[in-house]
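Listed below, chain by chain, are the residues.
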Amino acid sequence: MEIALLLLKQNMIMLVYLLIGYFLFKKKLVGIQGSAEIGRMLLYVVMPVAILKSYMTEFSMEKLEGLFVSFLIAAFALLLSVIVSRVSFAKGQGVERFGTAFSNAGFIGIPLVQMAIGQEAVFYVSSFVALLNILQWTYGIVTMTGDRSAVSMKKVRTNPIILSVLAGLLLFFLPVSLPEVLQSVVGTVASMNGPLAMIVLGVYLAQVPLRSIFTDRTSYKCSLLRLVVIPLLTVGMMLAFPAEYLDVKLTVLIAASAPVGSNVAIFAQLYDKDYTSAVKEVCLSTLLCMVTMPVILAVADFIL
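Here's what I pulled together on the structure shown here.

Focus: the overall build of the protein
A tally of helices and strands in the protein yields 15 helices and zero strands. Radius of gyration (C-alpha) of the protein: 18 Å, near the 19 Å computed for a compact globule of 304 residues. Over its C-alpha atoms, taken along the principal directions, the protein stretches across nearly 50 × 45 × 40 Å. For the protein, contacts bridging at least 24 residues in sequence account for 85% of all contacts bridging at least 6. Surface accessibility of the protein: about 13600 Å² in total, with carbon and sulfur atoms responsible for 67%.

Some thoughts on helix α10 (residues 193-206)
Counted at 1.5 Å a residue, the expected span for α10 with its 14 residues is 20 Å, and the 20 Å between its end C-alpha atoms agrees. Across the 14 residues that make up α10, a large majority, 13, are buried.

Points about a nonpolar patch on the surface
Nonpolar side chains collect at one region of the surface, where L232, L239, V291, V295, V299, F302 and I303 lie side by side and expose about 690 Å² of accessible area between them. At five residues, the largest contribution of residues to the nonpolar patch is made by helix α15 (residues 275-303). With respect to the helices and strands, the residue F302 is situated in helix α15. Since its relative accessible area comes to 77%, F302 is described here as exposed.

Digging into the packing of helix α4 (residues 94-101) against helix α14 (residues 263-270)
Where α4 meets α14, the closest approach of the two axes is 9 Å, and the angle between their N-to-C directions is 155°. Classified by the angle their axes make, α4 and α14 are roughly antiparallel. As for the relative orientation of α4 and α14, their crossing is right-handed in sense. Contacts between α4 and α14 involve V95, F98 and G99 on the former and, on the latter, N263, V264, F267 and A268. Of the residues that constitute the contact of α4 with α14, the class distribution is five nonpolar, two polar and no charged.

Regarding the pattern of salt bridges
Pairing is possible between side chains of opposite charge, provided their charged atoms come close. Evaluation of the coordinates by the stated rule reveals one salt bridge. D216 serves as the salt-bridge partner of K280, at 3.8 Å between the closest nitrogen and oxygen. Highlighted residues: K280 in helix α15 and D216 in the loop between α11 (210-213) and α12 (217-238), separated in sequence by 64 residues. In this structure K280 comes out as buried when scored by relative accessible area, which is 15%.

Describing the layout of surface pockets
By volume, the largest pocket amounts to about 680 Å³. Lining the largest pocket are 34 residues, and of these R40, L43, N263, I266 and F267 sit closest to its centre. At the level of elements, α2 (32-54), α5 (105-116), α6 (122-145), α10 and α14 are the ones that each hand at least two residues to the lining of the largest pocket. For the lining of the largest pocket, the element with the most residues is α2, which contributes eight residues. Taken together, the residues of the lining of the largest pocket sort by class into 18 nonpolar, 14 polar and two charged. Space inside the second largest pocket adds up to approximately 430 Å³. Lining the second largest pocket are 20 residues; nearest its centre among them are E62, K63, Y124, D247 and V248. Those elements that provide at least two residues to the lining of the second largest pocket are α2, α3 (61-88), α6 and α13 (246-256). Looking at the lining of the second largest pocket residue by residue, the classes come out as eight nonpolar, five polar and seven charged.

Cut-offs and rules
- Residues numbered from 1 in each chain as written.
- Predicted model: local features only at pLDDT ≥ 70, side-chain atom pairs only at ≥ 80, totals over all residues.
- Heavy atoms only, no water.
- Helix = DSSP H or I, 4+ residues; strand = E, 2+ residues; numbered from the N terminus.
- Rg over C-alpha atoms; globule rule 2.2 N^0.38 Å.
- Contact = heavy atoms within 4.5 Å.
- Areas by Shrake-Rupley, 256 points an atom, 1.4 Å probe, with all protein chains shown as cover.
- Expected span 1.5 Å × (residues − 1).
- Buried < 20%, exposed > 50% of the residue type's maximum accessible area, 1.4 Å probe, protein only.
- Patch = residues over 30% accessible without salt bridge, like charges linked within 9 Å, V, L, I, M, F, W, Y side chains within 5 Å.
- Salt bridge = Lys/Arg side-chain N within 4 Å of Asp/Glu carboxyl O.
- Axes fitted to C-alpha atoms, helices over the stretch in contact; angles between N-to-C directions.
- Parallel < 35°, antiparallel > 145°, perpendicular 65-115°, else oblique.
- Left-handed = near helix turned anticlockwise from the far one by under 90°.
- Nonpolar A, V, L, I, M, F, W, Y, C, P; charged D, E, K, R; others polar.
- 1 Å grid on protein atoms, 1.4 Å probe; cavity = no way out; pocket = protein on both sides within 12 Å on 5 of 7 lines; lining within 4 Å.
- Points joined across faces, edges and corners; volume = space filled by probe spheres on them.

In structure tokens form, the structure reads like this:
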């Protein structure tokens, strides 16, 4: 229950960041182009650095075992998400399938794990984020476009998240450490992840009339699946893993319980799909997760 209360507190902090982004856009201090540029900075610099920082720790067999377990749990959790999204939405509903399957594990999951559990826990959530990115740029693009030829393996290989995980693993296994100045830079940049991510989402929220967000039935269905059904199924799946991995389970569960990923809006815009619906799904699920995530974590903490 303690982690649920801590998560609720962190969600309230994230809500303040969200409101800052909302008012910045409304006051014309940040535009659509500006938010897109901040989003790219998050994707290519801040988030990879946050993941890299989590691997800057002394090697131990216990941590290696935890990392392996987190990878297995993440793989099963993402498989559950994909299955639920395919069963719940028709083939032509690519935006909804994409949004339901892929959570905002990077922009929201990592910051919440950092704040609620600690920087060292990002070490375990990185498996989920890496697998999520691989799936988004392969299965996700096919789901969104219906065209297998749209998948670019080069983009998968050069994805900044994947590269940061590989670089982090190298740091973890090798008996080397970065100079003190670089460690300080990495720590400072990594701490920017949460505030910047929520400010960008606040800008997204400001672009859509608030009333339309709360009157879209499809967005509610997507949010229910993303925030309640999939997390509860994930908790059930986690019962198959030993109780000694509770911290690893809760860490991955935060990522799996995160709202609809903001990438659905980016991909929808990129491939000329229903961008407005994608933004509504992102915004509604982000607001609702302030309530659902602490409840899911409280249930999981009791069951697991």
